[in-house]
Every structure is written in structure tokens, then in C-alpha cells.
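Tertiary structure, described
Residue strings, one per chain:
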Amino acid sequence: MSDTLLTVLVGLAMLLGLLAIFIPLMPEMLILWGASLAYGLLVGWGRWGPRLFALITVLGLVGGLAEIWASSAGGKRAGASLWGILGGLVAGFFGFLIFPPFGGVVGLLLGTFAVEAIRMGDADKAARAMLGMGLGYGASFAVRLIVGLLMVAAFIDITIIGALF
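Everything in this summary refers to the structure shown in the same document. Only a predicted model underlies this, so the values are computations on that prediction, with no experimental measurement involved.

1. A short note on the overall build of the protein
- Regarding its fold elements, the protein presents six helices and zero strands.
- Walking the protein from its N terminus toward its C terminus, one meets helices and strands in the order α-α-α-α-α-α.
- Judged by the C-alpha coordinates and their principal axes, the protein covers about 65 × 30 × 15 Å.
- Looking at the protein as a whole, 37% of its 165 residues qualify as buried.
- Partitioning the contacts of the protein with sequence separation of at least 6, the portion at a separation of at least 24 is 69%.

Written out as C-alpha cells, the structure reads:
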């Protein structure tokens, strides 16, 4: 297979990774990271490729942690307990499996609300915790989108710099 064809295929995988950011609970950072790893292993890194791949790796870790951390921080700030956050994450996972692609977000919100409503016995406080989780998830979406775009930019640098040097 030619280097050009491999580059196009990996570029399409990178595009898929960016699109996966819009689908809750998809492993978008893993797709982006794996595509850049595949490119380096199959086509070659070039002189600056290993450094750029290290940057892609760090960015992928930041993006992956942002989804969990920002959602949790938003929920915690709005009064959600650890149990409410965990309940939301578990319900989000099962929601994604049962009703993809948006069941994950619905599960996250409803799971947080249900656990907090049972725990506190107050629907208003549970709704505030649910809103906080939703706002946190929105913040994590923005971070993951920016990180994903930076990962693609680094990949483009690998392909251009790798071709030149």
C-alpha cells in the first residue's frame, strides 16, 4: 500500500475521531491517538514525528481526563455527592449502550438526578446537581473539541514535516 493511500486512510480515521467528539462516550481521544500511532508505524515518523506524537499523547490524556473531571466538577460544584456523580456516570454508560449515541448524556443526567433525589429527598437540589453535571459535561465537550483539533493539527505537522525531512 502506498504512503499516500495510508496517509489518506489515517486522515479519514482522524476525521472520524473528531466526529466522535460529538457522540457521547465514544473513545474519540483513543481514535485520534491510535490513528497518529498507526501513521507513524506504517509510514514513518520523520525527524520531528516522535516529538509531535508525544504531544498528541499528552493532549489525548488531557482530553480523556477532561470528560470525567469536568462533568464531575460541575456536579460537585452544584451539590452532587460522590454517589450522585458515580450514579450518573454508570447510568450514562448504560444509557449509551441501550440508546446510542445520545443515551449517554441522558443517562448521565437522569442517573445523577435519581441518586441525588433519593439521597437528599429534595427534587430541587437533585435538579441543581443534575444541571451542574450537564454544564460540566458541556465544558468537557469544549475542552475535548479544542484538544481534538490540536491533535489533528499536530498530525498534520507530522505528515508535512515528515514528508519534507
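And the narrative resumes.
2. Quick notes on the packing of aromatic side chains
- Tallied over the entire structure, the rule returns four aromatic pairs.
- Taking 5.3 Å as the distance between ring centres and 65° as the angle between the ring planes, the aromatic pair formed by F22 and F141 counts as edge-to-face. One end of the pair, F22, is in the loop between helix 1 (3-20) and helix 2 (28-42); the other, F141, is in helix 6 (residues 123-164), with 119 residues separating them in the sequence.
- Overall, the relative accessible area of 45% leaves F22 in the partly exposed class.
- What makes F141 partly exposed here is its relative accessible area of 25%.
- Between Y39 and F155, the aromatic rings sit 5.4 Å apart at their centres with planes inclined by 85°, giving edge-to-face as the arrangement. With Y39 in helix 2 and F155 in helix 6, this pair connects stretches of sequence that are 116 residues apart. F155 shares its class with Y39; the two are buried.

3. Notes on the packing of helix 1 against helix 2
- Close contact between helix 1 and helix 2 brings their axes to 7 Å; oriented N to C, the two are set at 170°. On the basis of their axis angle, the class for helix 1 and helix 2 is roughly antiparallel. Along the contact surface, helix 1 presents L6, T7, V10, A13, M14, G17, L18 and A20, while helix 2 presents E28, I31, L32, A35, S36, Y39 and L42.
- Of the residues that constitute the contact of helix 1 with helix 2, the class distribution is 11 nonpolar, three polar and one charged.

4. Observations concerning the layout of surface pockets
- In this structure, the largest pocket encloses a volume near 290 Å³.
- Where the lining of the largest pocket is concerned, the elements lending two or more residues are helix 2, helix 3 (49-77), helix 4 (82-98) and helix 5 (103-120).
- When residues in the lining of the largest pocket are grouped by element, the largest group, five residues, is from helix 3.
- Here the lining of the largest pocket is composed, by residue class, of 12 nonpolar, six polar and two charged.

Each value, and the rule that gives it
Residues numbered from 1 in each chain as written. Predicted model: local features only at pLDDT ≥ 70, side-chain atom pairs only at ≥ 80, totals over all residues. Heavy atoms only, no water. Helix = DSSP H or I, 4+ residues; strand = E, 2+ residues; numbered from the N terminus. Buried < 20%, exposed > 50% of the residue type's maximum accessible area, 1.4 Å probe, protein only. Contact = heavy atoms within 4.5 Å. Phe/Tyr/Trp six-rings, centres within 6.5 Å; stacked < 30°, edge-to-face > 60°. Axes fitted to C-alpha atoms, helices over the stretch in contact; angles between N-to-C directions. Parallel < 35°, antiparallel > 145°, perpendicular 65-115°, else oblique. Nonpolar A, V, L, I, M, F, W, Y, C, P; charged D, E, K, R; others polar. 1 Å grid on protein atoms, 1.4 Å probe; cavity = no way out; pocket = protein on both sides within 12 Å on 5 of 7 lines; lining within 4 Å. Points joined across faces, edges and corners; volume = space filled by probe spheres on them.

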